[in-house]
Amino acid sequence: SGIFIHPVKSLRPVSLSETKFDKHGLLADRRLMIVRPLPTPVYGNFIKGEPTHRFFTQRQSPSLATIEASEPVGVNNNKTLIKLSSSLVPNNEHVFINVHPTHIKTLPIRYQAGVWSDIVEVADMGNEAAEFVSKVVCKDDASYKDVRVVSIVESSNRKVDELYCPDAARVGLLG
């Protein structure tokens, strides 16, 4: 009965009248997410390929449900913006995040983020976005001040778990 995307995983959905698909699924759906750093391992530094961060959802912080993420809006050839806002942040404060693929490729801080049993490479979207989300989630728990907003890196792949893949998608013309 409708098409909904979550520009940021675990935030409020955005209703669309139409959309397109790319190699990651619905365009602009769950390309961004909130993560928290994992504790440094007892054996020292993280091993290559090991997750350094873990996805963070409404299960840990119900206040994430108050954050609205707008549908991405193209401004020019190198800028596509998503606006984040929340009723829990005073003075109608909000933040814009540039989600254009060209911009994301230039972001220097990268992490390996655990999402369920998968590990994906992500790019940190910067302090302004993280500080905005932190203002909201710290209302649930002050220790959440270390949250970061990240974007999946274009080269990352996350396969559908066979358990959740319908038979019709695996066989025949659609397989």
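Attention in this report is confined to the structure presented alongside it.

Reading the values: the criteria
- Residues numbered from 1 in each chain as written.
- Predicted model: local features only at pLDDT ≥ 70, side-chain atom pairs only at ≥ 80, totals over all residues.
- Heavy atoms only, no water.
- Core = buried A, V, L, I, M, F, W, Y, C linked by side-chain atoms within 4.5 Å.
- Buried < 20%, exposed > 50% of the residue type's maximum accessible area, 1.4 Å probe, protein only.
- Helix = DSSP H or I, 4+ residues; strand = E, 2+ residues; numbered from the N terminus.
- Contact = heavy atoms within 4.5 Å.

## Examining the nonpolar core
Ranked by size, the top nonpolar core spans 27 residues in total, and within it Ile34, Leu64, Ile67, Leu84, Ile97, Met125 and Val133 carry the most contacts. Those elements giving two or more residues to this core turn out to be β5 (32-37), β7 (67-69), β9 (79-86), β10 (94-98) and α2 (127-137). Among the elements that make up this core, the one with the highest residue count is α2 (5 residues). If sequence neighbours within four positions are ignored, isoleucine 67 has contacts with Leu11, Arg12, Leu84, Ser85, Ser86, Phe132, Val133 and Val136. Core analysis: the second largest hydrophobic core is formed by 9 residues, Phe55, Tyr111, Val120 and Val122 among them.

## A few points about the environment of leucine 38
Counting through the fold element by element, leucine 38 comes out in the loop between β5 and β6 (53-55). The class for leucine 38 is partly exposed, based on a relative accessible area of 30%. In this structure the C-alpha to C-alpha distance between leucine 38 and threonine 52, which are 14 residues apart in sequence, comes to 5.5 Å. Excluding its chain neighbours within four sequence positions, the residues that come into contact with leucine 38 are Phe46, Pro51, Thr52, His53 and Arg54.

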